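Working through the structure, step by step
Take a look at the letters that make up each chain.
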Amino acid sequence: MNRRPRILIIYTGGTIGMIEDPETKVLRPFDFNHLMENVPKVKMLDYEIDNMQFDSPIDSSDMTPDDWKVIAKGIADNYDKYDGFVVLHGTDTMAYTASALSFMLENLRKPVIITGSQLPIGEVRTDGEENMITALQIAAARDHDGRPMVQEVAILFENFLWRGNRASKRSADNFNAFCSNNYPPLARIGLDIYYDKDALARSAVQPPLNPRYNLDTSVISIELFPGLTPESLRHQLATPGIKGVVLRTFGAGNTPTEPWFVDAIKEAIDKGIYIVNVTQCTSGSVRAIYKGCDALSAAGVISGRDITFEAAITKLMFLLGIGLPPNAVRSYLNTALCGEMTA
Ligand code: ASP
């Protein structure tokens, strides 16, 4: 590629662009110009950079599936015009957005790099400047054949580039705020950016991008803990209108083996509710090796294998949104669509 890389920055909000209210000391989202004024070094990158921003930038705790549609549409509508996309986003729900976008942007073959920071960009010790510049460099990176180095949704934070649907926020104050325990980093950031080509999802085939905007939010999660009562479990499973549940289980996917538990789960599945088993552990996979697992699989609980909670809940919304027949939903929930679980 002989021309300058073209990058679109989509600014949604988050700490990176926040400023402190001088009176209350509370941080609130501010506009994109403020952000760019604080990163003059961006001009040293010889890129053509355009930007889009949310009408009112938000704290990512306010992020909704409708906002994911706005981001996905921003990328899809501009897909041919740019070489890569950088999404500036709060860290709190970044892993949910990254997971949702990975499903929504079917056939993605260009970089969508999501980043933010722990300290606002205007602070002296900010991590925002470095994260933003590195994210732009990754979005512009090409291999020897001129193809985008990254062809998927990824989270760039401090020293690592993670697959978006494999990452979780792990620290509220460490600059290395994200981790991915079941999948290696796509790149390590040091003196250079060291890409791991075996970990990156790359393809020479270029099918057209197929954005899917429909998400069905009729989903809940149920967290197991010793002492969960039958009443509480049944109450949650009787939530009006729910179609899918992410069941957060113990260890390798274990649950109570008592009949009250298995019966309640079975009744919900018989009513047509999809139940996906995802471990509460931060690494490892759901595996049917203990007593009780047979009863759950026989009841129709679907193994989420080593998927993160963030990817499981957004994948459910995505699959329900497509309106597939039940067998297809069940089979896709147990299959990797875009690298979110180990095959
Ligand atoms: N509450 C902020 C947000 O998620 C935190 C951050 O950006 O680090 O928008």
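Quick look at the structure, then. Note that the coordinates shown come from a computational prediction; the quantities given were computed from them, not determined experimentally. (Residues numbered from 1 in each chain as written. Predicted model: local features only at pLDDT ≥ 70, side-chain atom pairs only at ≥ 80, totals over all residues. Heavy atoms only, no water.)

Considerations on the sheet that holds strand 8 (residues 153-157)
Strand order across the open sheet formed by eight strands is 4-1-5-7-8-9-12-13, with mixed pairing between neighbours. Unpaired on one side and paired on the other, strand 4 (48-58) and strand 13 (193-195) mark the two borders of the sheet. The mean angle between the axes of side-by-side strands here comes to 20 degrees, regardless of whether they run parallel or antiparallel. In this sheet, strand 4 lies alongside strand 1 (residues 6-13) in parallel orientation, the contact comprising seven bridges. Bridge assignment links Tyr11 to a residue of strand 4, and that residue is Gln53. (Pairing = 2+ DSSP bridges. Helix = DSSP H or I, 4+ residues; strand = E, 2+ residues; numbered from the N terminus. Axes fitted to C-alpha atoms, helices over the stretch in contact; angles between N-to-C directions.)

Here's the deal with the site of the ligand
As a structural note, the neighbourhood of the ligand is formed by Gly14, Thr15, Asp59, Ser60, Gly90, Thr91, Asp92 and Ser117. Between the ligand and Thr91 there is a distance of 2.5 Å, counted from an oxygen atom to a side-chain nitrogen or oxygen. Take Ser117: an N or O atom from its main chain is 3.3 Å from an oxygen atom of the ligand. Coverage of the ligand by the protein chains reaches 90% of its 270 Å² of free accessible surface. (Near = heavy atom within 4 Å. Polar contact = N/O pair within 3.5 Å; in protein donor to acceptor, adjacent residues only side chain to side chain. Areas by Shrake-Rupley, 256 points an atom, 1.4 Å probe, with all protein chains shown as cover.)

Some words on the pairing of strand 15 (residues 219-223)
A regular strand places its side chains so that they alternate between the two faces of the sheet. When strand 15 meets strand 16 (residues 244-249), the two strands line up parallel, connected through five bridges. Across the sheet, residue Ser221 finds its bridge partner in strand 16, namely Val246. This β-α-β element, strand 15 to helix 5 (residues 230-237) to strand 16, shows right-handed connectivity. (Right-handed = clockwise from strand over helix to strand, strands pointing away.)

A look at the pattern of salt bridges
For side chains bearing opposite charge, pairing can occur when the charged atoms are close. What the rule picks out here adds up to 20 salt bridges. Residues Lys41 and Glu129 are paired through a salt bridge, measuring 3.7 Å at the closest nitrogen-oxygen approach. Here Glu129 lies in helix 4 (residues 128-140) and Lys41 lies in the loop between helix 1 (32-37) and strand 4, a separation of 88 residues in the sequence. On the basis of relative accessibility, which here comes to 22%, the residue Glu129 falls in the partly exposed class. Note that Arg234 and Glu267 form a salt bridge whose closest N and O atoms lie 2.9 Å from each other. One end of the pair, Arg234, is in helix 5; the other, Glu267, is in helix 6 (residues 259-270), and 33 residues separate them in sequence. According to the relative accessible area criterion, Arg234 is partly exposed, its value standing at 38%. Its relative accessible area of 40% is what places Glu267 among the partly exposed residues. Through salt bridges with shared partners, a single network forms among Asp143, Asp145, Arg147 and Arg202. (Salt bridge = Lys/Arg side-chain N within 4 Å of Asp/Glu carboxyl O. Buried < 20%, exposed > 50% of the residue type's maximum accessible area, 1.4 Å probe, protein only.)

Quick look at the packing of helix 5 against helix 6
Helices that pack against each other are described as a pair by the angle of their axes relative to one another and the distance between those axes. Between helix 5 and helix 6, the least distance of the axes is 10 Å, while the angle of their chain directions is 10 degrees. If you check the angle between helix 5 and helix 6, you find them roughly parallel. On helix 6, the residues that touch Pro230, Leu233, Arg234 and Leu237 of helix 5 are Trp260, Phe261, Asp263, Ala264, Ile265, Glu267 and Ala268. Grouping the constituent residues of the contact of helix 5 with helix 6 by class yields eight nonpolar, no polar and three charged. (Parallel < 35°, antiparallel > 145°, perpendicular 65-115°, else oblique. Contact = heavy atoms within 4.5 Å. Nonpolar A, V, L, I, M, F, W, Y, C, P; charged D, E, K, R; others polar.)

Quick word on helix 8 (residues 309-322)
Helix length check: helix 8, at 14 residues, gives a terminal C-alpha distance of 20 Å against a target of 20 Å (1.5 Å per residue), a fit within 8%. The element helix 8 is extensively covered by neighbouring structure, given that 13 of its 14 residues are classed as buried. Two residues or fewer after helix 8 comes Gly323, characterised by a positive phi angle close to 80 degrees. (Expected span 1.5 Å × (residues − 1).)

Quick look at the side chain of Thr249
Secondary-structure assignment places Thr249 in strand 16. For Thr249, a relative accessible area of 0% puts it in the buried group. Beyond its immediate chain neighbours, meaning those up to four positions away, Thr249 contacts Leu224, Asn254, Thr255, Asn277, Val278, Thr279 and Gln280.

Overview of the sheet that holds strand 17 (residues 274-279)
An order of 15-16-17-18 is seen for the four strands of this open sheet, with the pairing classed as parallel. Only two strands of the sheet have a single neighbouring strand rather than two, namely strand 15 and strand 18 (302-303). Where strand 16 meets strand 17, six bridges bridge the pair, whose relative direction is parallel. Note that in strand 17 the partner of Val246 across the bridge is Val276. Helix-sheet contacts for helix 5 involve strand 15, strand 16 and strand 17, and the interaxial angle to strand 15 is about 165 degrees.

Describing the packing of helix 2 (residues 65-77) against helix 3 (residues 94-104)
At their nearest, the axes of helix 2 and helix 3 sit 10 Å apart, and the two run at 55 degrees to each other. Viewed along their axes, helix 2 and helix 3 adopt a mutual orientation that is oblique. Crossing angle aside, the handedness with which helix 2 passes helix 3 is right-handed. Contacts between helix 2 and helix 3 involve Trp68, Lys69, Ile71 and Ala72 on the former and, on the latter, Tyr96, Thr97, Ala100, Leu101 and Met104. Among the residues forming the contact of helix 2 with helix 3, the class breakdown is seven nonpolar, one polar and one charged. (Left-handed = near helix turned anticlockwise from the far one by under 90°.)

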